[in-house]
Amino acid sequence: MITGIKKKNKLTEIWFDETGSAVNIRTYNTDLKNRLAAYAVKYPAHCRLTDDDECGCLTFEIDRRRFSVRLTAPYSEDRRRKAKETMTAVNQQRQKDSFKKPL
């Protein structure tokens, strides 16, 4: 969507207070908007669209008990190397299988 807003100004904001029961998420991120919209349709008692500014930004209100933040540790170089080797082998096997002719 062309909005006239520069990409660096398209923020995702998450805010809540310690006593409230809701989390508000305001975002321009298309993937996040789609995921939140689908969640709101599936679970309307826990999530709802509260604002659409018509410039590509949506605001959702989510039950605080349904919201979490997950931080993951970075991969070690050894783990990264092993994953690369595994996927290289998988891709090579797929390539071999795709060239086989049916009997």
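Scroll up a little and you will see the structure.
Since we're looking at a predicted model, the values are computed, not measured.

Undergrad: How would you sum up the layout of surface pockets? Please name residues and give values.
TA: Approximately 250 Å³ is the volume found for the largest pocket. The wall of the largest pocket is formed by Ile14, Ile25, Leu32, Arg35, Leu36, Tyr39, Ile62, Arg66 and Phe67. Examining the composition of the lining of the largest pocket, we find that four residues originate from one element, helix 1 (residues 30-42), more than from any other. Residues of the lining of the largest pocket, tallied by class, amount to seven nonpolar, no polar and two charged.

Undergrad: Give a description of the sheet that holds strand 4 (residues 58-63) that names residues and reports values.
TA: Pairing within the open sheet is antiparallel, and its four strands lie in the order 1-2-4-3. Strands at the two margins of the open sheet, each flanked by one partner only, are strand 1 (13-15) and strand 3 (47-52). Averaged over all adjacent pairs, the angle separating strand axes in this sheet is 20°, with direction ignored. In terms of strand pairing, strand 2 (residues 22-27) meets strand 4 through six bridges, oriented antiparallel. The partner of Asn24 across the bridge, within strand 4, is Glu61.

Undergrad: Could you give an account of the pattern of salt bridges, naming the residues involved and the relevant values?
TA: Two side chains bearing opposite charge may form a pair once their charged atoms approach each other closely. If you walk through the whole model with that rule in mind, you get eight salt bridges. Linking Glu18 and Arg64 is a salt bridge whose minimum nitrogen-to-oxygen distance equals 3.3 Å. Placement of Glu18 in the loop between strand 1 and strand 2 and of Arg64 in the loop between strand 4 and helix 2 (77-99) is noted, with a sequence separation of 46 residues between them. A residue is classified by how much of its surface remains accessible, and Glu18, at 64% relative accessible area, is exposed. Given a relative accessible area of 27%, Arg64 falls into the partly exposed group.

Quick notes on the rules
- Residues numbered from 1 in each chain as written.
- Predicted model: local features only at pLDDT ≥ 70, side-chain atom pairs only at ≥ 80, totals over all residues.
- Heavy atoms only, no water.
- 1 Å grid on protein atoms, 1.4 Å probe; cavity = no way out; pocket = protein on both sides within 12 Å on 5 of 7 lines; lining within 4 Å.
- Points joined across faces, edges and corners; volume = space filled by probe spheres on them.
- Helix = DSSP H or I, 4+ residues; strand = E, 2+ residues; numbered from the N terminus.
- Nonpolar A, V, L, I, M, F, W, Y, C, P; charged D, E, K, R; others polar.
- Pairing = 2+ DSSP bridges.
- Axes fitted to C-alpha atoms, helices over the stretch in contact; angles between N-to-C directions.
- Salt bridge = Lys/Arg side-chain N within 4 Å of Asp/Glu carboxyl O.
- Buried < 20%, exposed > 50% of the residue type's maximum accessible area, 1.4 Å probe, protein only.

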